[in-house]
Amino acid sequence: MRQLICPYCFERYPPHQVAFRCINPNASRCALEKDAPFGAYQRVDPPPLMQRVFRPKSNWLRPAVRATCNCGMETTKMVCHHCHNELPWNFGTTDSYTVALIGAKEAGKSHYIAVLINELKNRVGQSFDASFYELDDQTRDRYKKEFKRYIYDERIVIPFTKSGRQDISVRYPLVYRLSLQKRRTLFKGLSKSNLVFFDTAGEDLTHLDLMSTETKYLANSHGIIFLLDPLQIRAVRDQLKTTTALPSENTEPQEIIGRVSQLIRQSHGLSHNEKIQTPVALAFSKVDEMHDLFEPGSPVHHAADHDGYFNTADAQQVNDSMRAHVAQWVGPGLDLFLQHNFETFSYFGVSALGSPPDSQGRLPMGVAPFRVEDPLLWILHKLNVVRGRRN
Amino acid sequence: MWKFDEADYIKRVLSPAVDAFKSESRLPDCFERYDLPITVSDPKEIETAITTVHAYWNKSKQNPRFGKVLSVLLAPKEQQDARRNLLDSEARKAVRELVEAERKKSREKRFAALDRSIRMVASKGYIDPGELSVLLAQHRCESLTEQEIRSRVRVPIRESSVRLPTNEGLPKGTREQIRSGLNVLQKRDLYEFLGVDRGCSKDRLTESLRKRELEWRQKKSDFTLTNANLLLGLIKTHMVDGDAAKYDAALAYEAVEVLRPEVRLAAGDKLITKAEFKQLLGVALSHGLAQETAAEYILTLAREYGAAVEWSTDEETVRCAKCLALVPLKTNAQSCTTCGAELWTTCPRCSSRAAASDPACAKCGFKTGDLPRVRLLVRQAQLELGEGRIEESHETAREAERLWERSGDVAKLLDRIEVAVEQVRGLRREIDETVAARRFFAARTKLASLATVAPNYLGLDGKDLPQLKGEVEEKLKLCKGLLTKARECEQKGRLNEAVFAYQDALQIVADAEEAQRGLQRCPPEPAANVLAQSHEGKVQVEWQPSPAVGGSEYIIVRREGRAALSLADGDVVARVATTSCLDQRARPASHVFYTVFTERTGVLSKGVSSAGMLVMQEVSNLSVEASGGLVNCSWEFDVPEGRVRVFRQESRPPSRAGDGLEIAPTGPHNLLDRGVSNGHLYYYRVVVEYRDAKGQPVFTSGIVRSVRPEQPPPAIDEFQITLEEGVVHVSWVPPKHGAVSFYRTFQKPEWRIGEQIPAAKLAALGVPLRIELNNLAVDFAPSTQPAFYVPVTIAGDVAVIGNARRYLTTQDVSHLKAVDFGRYLQLQWRWPEDSRLAVVAWRHDAYPHDPLDARATTHRISRGEYDGEGGFRINDPAKAPYYVVVFAVTQVDGEDIYSSGISPGAHDLLRTSLPLSISYSISRGNWLHRNRITITFNAEREAKHLPEIVVIAKRGDIQPLPNNNGILLATISDLSLHSGTPVSHEFTLDAVRRPCYLRAFFRDGPQAHTFRLIDPPPQQLRIT
C-alpha cells in the first residue's frame, strides 16, 4: 500500500489515516484544545491551545481530502495525525522526495539552497519546461524572509543558520512542487512531485546524538546533497593563498558523511555489508574561487548543458575531474568511504554566488550562480523524476 | 595671668605647628598660635599675648626650622584677622566654637573606637564597674591613658540595681505541671488563665477562680478540661490558699532560666546587637516579665557571659554634638542634659529641625555641620562692615552665604552689606569716570562723599581713600601752576603763550573753569577766502586757514538764501581740521551760502562766508542700449526744478548742451531713439537744465554715452553634448553672424530662446565654457548634478539666448568582469548609484565607441533584470574575440544620457586567443590484443608541429591529473594534423595494471594557451 511520509516527523502511514484540523474561528462553537502532539514537536510546554484535530471516516480506497468537524465546519486543512503539523495541500496525492542538504559549518548551505530554488524557478524551469512552486505559506514566507531577502533584495550574505535547538523554524522543511511536462509518452500531461528541502545548521552535524534528534530527516531523505567548502581544505587554501577566514569550528567532511551514514544505517537497520541506497551528491562549492586549480580544458570551467534533459555525459566528466582533484586534495579516504558505504554518489563543482562577497559581507556584483542545479538534477535523475540523456 | 616661656612655646606650640604645616599645610588656630586658652576673655591678656608672640615670631623668623611657618603667620592679613577675631568677644565666641569643633574632630578620630564601645555599654544610662574595667583593659593599648578613657565616660558608674532571681518560688514539679497545662490551653500564665491582672488582690483571685470553675464544669469532658481542672486545683492550692508571690517568683525564675541559654547563644560573639536584644526582650515578655525587668535581666545575663549589649528599648534619642551623650527625644530637650550644649539647629534650606551633631540635614542633605564656621564668618563680616571695609565685608558675607545660603543672620547681614556696597561702588564708579574724563574737581567732591560713607574704604583693586585722594590732588596741583603762568602771560599781553598754558591746564584738568574763562578772553582768528563749487549734485567748499595758534578746527555751516551768522543760524555741514570739505546733502536746485567758523578749545571766531551758488545734479544710472535699429536710453532723476535734455551726435560726442540733435525724452526717465542705423556709432549727452536766482537757464556739463546698433544674431537651436575622458564637449554649427558662447547653470534660464539681452547681463547666465574652436566649447569640470548648457549668440552689444539643454554627466559602471563559461559569457559589474539602466555593447574587432555604434551588438538591461539574472549573459557566443563595453544610462527629462564607457572598469575583453582544439579518442585492440591501445588525434583545422603529447595511465578509476601523477605510457612528438585527417598512434598497457584511467596531456604547460586537448567520454578512458 502506498505510504505517506510526514515531512515534519517522518512517520509513515497510509493516506487515509491523515487527520484534519477544524478551521472554525468561533471558539465558543468549537472549543480550543491543548494540542499535545504539536506542542511536543514545537517543544513548548504547556502545549498551545489550538483548534481541534480529528480523524474523519475514510478508507484506503478513498482517502479523504476534506472533512467535517463535529461543530459542522468543513475543513481541508490536513495535518499529520502523529505530530499535528499542517501537511501541504494535496500532499498525499503525489510522490514526495526529501532532499537533505548537509555540510560543515559555513560551507554555504543556505546560500546554495537560496540560489538553487531561484534557479529552479527560473532558468532551470525554463530549460526543462518545468514549474517549481511553494506548496505552503510557511515555505513561501521562510524563503522570502530567510533566504531571498538577503541575497537578492539586500544583496548581503545570509546570516548563519541557527541550530534546530535554538530555532524551531529550522526544523521545518521547504516544500515545493515540481511540475514537469511529460515527454516521449503517449499521454500528454504533467508529471508532478513534491520536493522537500532541509537546510541544516552546520553545528547540528557535529554529534551523532544531536543529528538523531535535530536532523531526523536525514535518515528518511531520498537524496543528500553534501556541500563541501574547498576553501576549508588546507591543501586548497595553500595553493590559492586565500585570505578568507576559516570558520571557528571546522568539521572534517569525512566526519560528517561518516555520521550521516551511521545515522542512516541505524535508522534503516542496515548491516555493514549493505550499501546505502540514498544517492549522495558531493558538491564542492565556491569553484569560482578555484578557477586556477583546474586545467584549462576541465569541464568544471564550462557551464552545464541540461536542455530539457539531464546531461549525464557532462555530469560524468565533471565527476571524474572533481574526483581526481578531491583525491589529490584530501587523499583517497573520502572516496573510498563513499564507495564502501553508498551505492550511488557523484562529485560536482558549484558556485552559488558566482563571486565572493566583499569584506563587509555585501554582494555588489549580484548573484551569478554556476552549475548549482547539477547535484539536484542528478538526484532527481537517479530518482527517475528527470530524464537523462548522453549528449 | 598669661605668661610666655620661649622653650615651652617651642615645645608645645611651634614644633607641632611646623610638623602640621609640613604634613597637612595646616596652621595652628588663633588660640593655639598665641598660646591662649580657648576660654580666654580678657582683652588685655589677649593684647599682651599677641604683642609678645608677634615679637617672638619677628625675632625667630630667620630660624631655618620655623621660618616657613612664621613667614605665613606674620602675613599682615593673618595678623589682622587673628587680632580682630580674638579681641572682639562675639567673633572670639564664634572662633571658639569653630576651633572646638575642629579640635573635637581630631579628637574624635583618636577616640572613635573607644566612643563606640562606650556608646554600647553606656546607652542604658550607666556603666557598672565591671564594664569600666573591660573598657580600660581594651583601650589602654590604643595609646589612651586611663584618665582620657575615664573622661570620655559621661554617664554614672554604678552597680546594677537588679539581681537575677534565685528563688524558685514553687517546686519544680509544680512549675512543670502549670507550664504543661498552660501550653495545652495556650495561655501565658495563670493570671491570663483566670483573666485577672498580675498583683491583684486575693479576693479578686478567689472570685475569678470560682467563675472559671463554673465555666469549665459546663464544658464537655476532654483533654483541655482535664488540664483546666488541674490548673484550677493548683491555683486554689498555691495562689488562693497559698502565697501568690511564690508564683510570681516562680515566673521570674522560669523566665530567667529560659533567657539564660538564649542570652548565652546571642553572647557567643561577645556582642548582643540591637536586633538580638529585641528578640530576647520578646522572649522575656512572653514569660510574663515587665519590660524594664526583662531588659535588666538580659543586661545582667549578658554581663555574666562577658558580652556588650547594644541596648535599646526602642527609644529614639539625639546625640549631643559636644559631649556625645544620647538624650531621649521624648524629653523634648532643646539642650543636652549632660553638658547643656544646643542639640538642634534649623536647616537654612528646608527650615526643618536638624540635630546639631549631624553633619548634614537629614531631610535635604544641606551641610548643617558648617554652622560654627558660618557664625564666625558672620561676625567677621559685621566687624568689617563696622570698620567701613565694605568690600572685604561683602566677600566674607558671600563666603558665609556659600556655606549657609541666604537665610537667618546671613541674609540680614548680606542685605545690609549689599546696600552699603552698592552705594560705595556707585561712588567709586563715579570717581573713576570723572578721573578718566580728567574732571578732577568733580572727583574731589565725590571722594569727600566716599570718605563720609566708608571712612576705611579699600577697593577691590587695592586702592584706599588716601591713595585715591593723592592721585586727584596731584593733578589739581599741576593745573593750578599752569593757570598761574597763563594769567601772568595774559597780563603781559603774550596771548599766544597764555592760550598754550590755558590749553595745557585744560588738558590736565578738563573741568578747570578758570582755564576755560581765560580762553574765552582770547578767541581765535577767522579763516579767509571761502570758495564753494557744485559738482554732480555735491558742493566742494575750500578756504584759507586761520593764523590762530593752539590747534584749531573749522565748522562749516550751510544756509539757503543768505550767509549764516552763527552756528545755529544754518545747517552744520562739517567740522574738520583741514581746509576743505564736501557737502553731499545740499538740496539740488537750491541757492546756498557756506560760512566757516574757526574753533579753538571751544571758543569760536567770527564767521567768513562764500558767495551764493546754485546746486546742480546730473541724472543717475544712465543706461544706453541698442538693439536692431533702436536705441533705448534710461536714467534716474527726481529733482522737480531740473529738466533732462538729451543731445545726439554721430561719430563724435556732443561738446555741450545744444550741440547736435536734441532728442525728446519718451517719458520722465527714458528715451527711445528710432532714428539710428545699424553699424553706425552714436554719442548721447544727457544734461539737466536748472534756473538760477535771476531765472536764467543753467546747464550741467552732462553725461556722455556711446552705442552702436547691430543686427541681432540668430539663436543657436541645435548642438551636441558629449562626454570624453571626464570632459564635456559641446559642438554646434557656427552662425553666419555673431559669436557663440556657452554657459552652464543649474537653474533653468529665465529667458526663452530668441530673447535678446544686453551683453552686460551675460554673467547672470552662469559659468561660461571655454571656447576651443569656433564650433566647440569644453567644460573641464562638469557637475554631477543635472545642469543646463545655454548657448548665446553675441553681436555687438546684443546677446541672443539659444535653446538651453539639460545634461547630466553619467558615471561609468565599474569592476566589469566577463567570464567565459563555454555556452555563455557571463558579465557582471557594479552599478553607479544613480543609474538604473545600462547598455551592454560588444564588437569582435574593437571596443564600441558608444551605445549607438552601428557595428556593435547592443542590449539594454535594467537593474531589476540584472539583479534577477545575477548579471548579463551572452548566450551561444561566437568563436571570436569579444570587446565588451557597458554604458550606464541616466534618464533626464525622458532623454537617455550615456556614460562614456571609457573607464577601465567599464570594458573587458574575452576570447582574444582561442586555443586550437585537438580531440582524441582511445580504442582497444581485439580480445587477442586487449593490451594494445590506439589513440587517434583529430583537429578542427590544420595544426603543425604540435608540442610533445604524453599519455598517462593511473591505476584505479580516478583520472590522472596534468601534474604527471600516473605512469607514462607513450610520448608522441612533432605531431602535425590536417583538418578532417585523423592521426593514430599505438601503444601497450604493459606497464600498468588494470583497471586504469588514461589521459593525454601536452608535456609543456604553457602550450595550453595555444592548443587544447579535448578528452573523449570517460568510458573510453577507463580501461577495465
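Residues numbered from 1 in each chain as written. Chains lettered and ligands numbered in written order. Predicted model: local features only at pLDDT ≥ 70, side-chain atom pairs only at ≥ 80, totals over all residues. Heavy atoms only, no water.

(A) Highlighting the overall build of chain B. The helix and strand inventory of chain B stands at 24 helices and 51 strands. Summarising the internal contacts of chain B: among those between residues at least 6 apart in sequence, 63% fall at separations of at least 24. Summed over all atoms, the accessible surface of chain B reaches about 53000 Å², with 49% contributed by carbon and sulfur. (Helix = DSSP H or I, 4+ residues; strand = E, 2+ residues; numbered from the N terminus. Contact = heavy atoms within 4.5 Å. Areas by Shrake-Rupley, 256 points an atom, 1.4 Å probe, with all protein chains shown as cover.)

(B) Quick peek at the overall build of chain A. Scanning chain A for helices and strands turns up 11 helices and 18 strands. Out of the 391 residues in chain A, the part that is buried amounts to 57%. Pairs at least 24 residues apart make up 73% of the contacts formed inside chain A by residues separated by at least 6 positions. Surface exposure of chain A reaches about 17300 Å², of which carbon and sulfur atoms provide 48%. (Buried < 20%, exposed > 50% of the residue type's maximum accessible area, 1.4 Å probe, protein only.)

(C) Molecular detail of the nonpolar core. With 66 residues, the main nonpolar core has Leu87, Leu282 and Trp329 of chain A as its most contacted residues. A total of five residues in this core trace back to one element, the largest contributor, which is helix H8 (residues 253-268) of chain A. Excluding its chain neighbours within four sequence positions, the residues that come into contact with Trp329 of chain A are Ile233, Ala235, Val236, Gln239, Phe284, Met290, Leu293 and Phe294 of chain A. Val421, Leu450, Leu465 and Leu483 of chain B belong to the second-largest nonpolar core, a separate cluster that totals 49 residues. (Core = buried A, V, L, I, M, F, W, Y, C linked by side-chain atoms within 4.5 Å.)

(D) Broad picture of helix H16 (residues 371-386) of chain B. Residue and element names in this part refer to chain B. When the terminal C-alpha atoms of H16 are compared, their 23 Å separation across 16 residues agrees well with the 22 Å that a helix rising 1.5 Å per residue should span. Extensive coverage of H16 is indicated by the burial of 12 of its 16 residues. For H16, every residue scored as buried is listed here: Leu371, Pro372, Val374, Leu376, Leu377, Val378, Arg379, Gln380, Ala381, Leu383, Glu384 and Leu385. Gly388, located one to two residues past H16, shows a positive phi value of around 85 degrees. (Expected span 1.5 Å × (residues − 1).)

(E) Just the packing of aromatic side chains, in detail. Tallied over the entire structure, the rule returns 29 aromatic pairs over all chains. Ring centres 6.2 Å apart and planes at 45 degrees place the aromatic pair Trp842 of chain B and Phe872 of chain B in the tilted group. Linking Trp842 of chain B in strand E36 (residues 837-843) with Phe872 of chain B in strand E38 (residues 872-875), this pair joins segments that are 30 residues apart in sequence. Comparing Trp842 of chain B with Phe872 of chain B shows no difference in burial state: the two are buried. A connected cluster of aromatic rings, assembled from ring pairs, spans Tyr8, Tyr41 and Tyr172 of chain A. Directly above the aromatic system of Phe719 of chain B lies the positively charged group of Arg805 of chain B, at a separation of 5.2 Å from the ring centroid. Cation over ring: Arg873 of chain B sits above Tyr824 of chain B, and NZ or CZ is 3.9 Å from the ring centre. (Phe/Tyr/Trp six-rings, centres within 6.5 Å; stacked < 30°, edge-to-face > 60°. Lys NZ or Arg CZ within 6 Å of the ring centre and 35° of its normal.)

(F) Region of interest: the pattern of salt bridges. This model, assessed by the stated rule, comprises 70 salt bridges over all chains. Between Glu295 of chain A and Arg999 of chain B there is a salt bridge whose closest N-O contact spans 3.1 Å. Taken together, the positions of Glu295 of chain A in the loop between strand E15 (280-284) and strand E16 (310-311) and Arg999 of chain B in strand E49 (residues 996-1002) put the pair across two chains. Neither Glu295 of chain A nor Arg999 of chain B differs from the other in exposure class; each is buried. Between Asp659 of chain B and Arg652 of chain B there is a salt bridge, and its shortest N-O distance comes to 3.2 Å. By relative accessible area, Arg652 of chain B is classed as partly exposed at 40%. Within this structure, Arg643, Arg645, Glu662, Glu689 and Arg691 of chain B form a network of salt bridges that share partners. (Salt bridge = Lys/Arg side-chain N within 4 Å of Asp/Glu carboxyl O.)

(G) How the structure looks around the interface of chain B and chain A. Contact residues are listed per partner, giving 33 residues for chain B and 34 residues for chain A. By the criterion of area lost to chain A, the three top residues of chain B are Phe821, Ile958 and Leu961 of chain B, representing 18% of everything that side buries. Inspection of the chain B/chain A interface yields six salt bridges. The closest approach of N and O atoms between Arg823 of chain B and Asp305 of chain A, which form a salt bridge, is 3.6 Å. Connecting chain B to chain A are 10 residue pairs in polar contact (both at pLDDT 80 or more). Mapped by element, the contributors of at least two residues to the side of chain B that touches chain A are strand E34 (814-820), strand E35 (824-830), helix H23 (863-869), E49 and helix H24 (1018-1021) of chain B. In terms of residue class, the side of chain B that touches chain A is built from 11 nonpolar, nine polar and 13 charged. (Buried area = accessible area lost by both parts, 1.4 Å probe. Polar contact = N/O pair within 3.5 Å; in protein donor to acceptor, adjacent residues only side chain to side chain. Nonpolar A, V, L, I, M, F, W, Y, C, P; charged D, E, K, R; others polar.)

(H) The arrangement of the packing of H8 of chain A against helix H10 (residues 333-341) of chain A in detail. Residue and element names in this part refer to chain A. Their axes nearest at 10 Å, the elements H8 and H10 cross at an angle of 10 degrees. Looking at the two axes, H8 sits roughly parallel to H10. In this structure, H8 uses Gln254, Ile257, Gly258, Ser261 and Arg265 to contact H10, whose residues at the interface are Gly333, Leu334, Phe337, Leu338, His340 and Asn341. Looking at the contact of H8 with H10 residue by residue, the class counts come to four nonpolar, six polar and one charged. (Axes fitted to C-alpha atoms, helices over the stretch in contact; angles between N-to-C directions. Parallel < 35°, antiparallel > 145°, perpendicular 65-115°, else oblique.)

(I) Focus on helix H15 (residues 291-304) of chain B. Residues and elements named next belong to chain B. Spanning 14 residues, H15 covers 20 Å between terminal C-alpha atoms, matching the ideal 20 Å at 1.5 Å per step. Buried within H15 we find Ala294, Ala295, Glu296, Tyr297, Ile298, Leu299, Thr300, Leu301 and Ala302. With its phi angle positive at about 65 degrees, Gly306 sits one or two positions after the end of H15.

(J) How the structure looks around the sheet that holds strand E6 (residues 53-54) of chain A. Across the sheet, three strands lie side by side as E6-E3-E9 (chain A); this open sheet has antiparallel pairing. Edge positions in the open sheet fall to E6 and strand E9 (78-79) of chain A, since each of these has one partner strand only. (Pairing = 2+ DSSP bridges.)

(K) Expanded view of the environment of Leu977 of chain B. Looking at the element boundaries, Leu977 of chain B is found in strand E47 (residues 975-977). In this view, Leu977 of chain B contacts Ile918, Phe937, Asn938, Ala939, Arg941, Glu942, Ala943, Leu946 and Val983 of chain B; residues no more than four positions away in its chain are not counted.

(L) Here's a closer look at unusual backbone geometry. Of note, the bond from Arg994 of chain B into Pro995 of chain B is cis; its omega dihedral lies within 30 degrees of zero at -5 degrees. Mapping Pro995 of chain B onto the fold places it in the loop between strand E48 (983-988) and E49. At Arg371 of chain A, a residue that is not glycine, the phi angle is positive and equals roughly 60 degrees. Of note, Arg371 of chain A is situated in the loop between strand E17 (345-349) and helix H11 (373-382). Of note in this structure, Asn621 of chain B is not a glycine but carries a positive phi near 50 degrees. Along the polypeptide, Asn621 of chain B turns up in strand E16 (residues 620-626). Taking relative accessible area as the criterion, Asn621 of chain B reaches 54% and is therefore assigned exposed.

(M) Structural detail: the confidence of the model for chain B. Residue and element names in this part refer to chain B. The predicted model of chain B averages 84 in pLDDT, with 96% of residues at 70 or higher. Per-element averaging of pLDDT across chain B places strand E4 (residues 326-328) at the bottom with 66 and E36 at the top with 93. Scored by ipTM, the complex comes to 0.81, with pTM at 0.49. (pLDDT = per-residue confidence, 0-100.)

(N) Representation of the sheet that holds E38 of chain B in the model. All names here are of chain B. Taken together, three strands build an open sheet; the order of strands is E34-E35-E38 and the sheet is antiparallel. At either end of the open sheet lies a strand with only one pairing partner, and these are E34 and E38. Strand-to-strand twist of the sheet, defined as the mean angle between neighbouring strand axes without regard to direction, takes the value 15 degrees. Taken together, the five bridges between E34 and E35 define a ladder with antiparallel strand orientation. Residue Lys817 lies in a different strand from E35, and its bridge partner there is Gln828.

(O) Broad picture of the state of the cysteines. Residue and element names in this part refer to chain A. Enumeration over the complete set of coordinates arrives at zero disulfides over all chains. Left unpaired, Cys30 is separated from the closest cysteine sulfur, that of Cys22, by 3.7 Å. With no disulfide partner, Cys80 has as its closest neighbouring cysteine sulfur the one in Cys9, 3.6 Å distant. Judged by its relative accessible area of 0%, Cys80 is buried. (Disulfide = S-S within 2.5 Å.)

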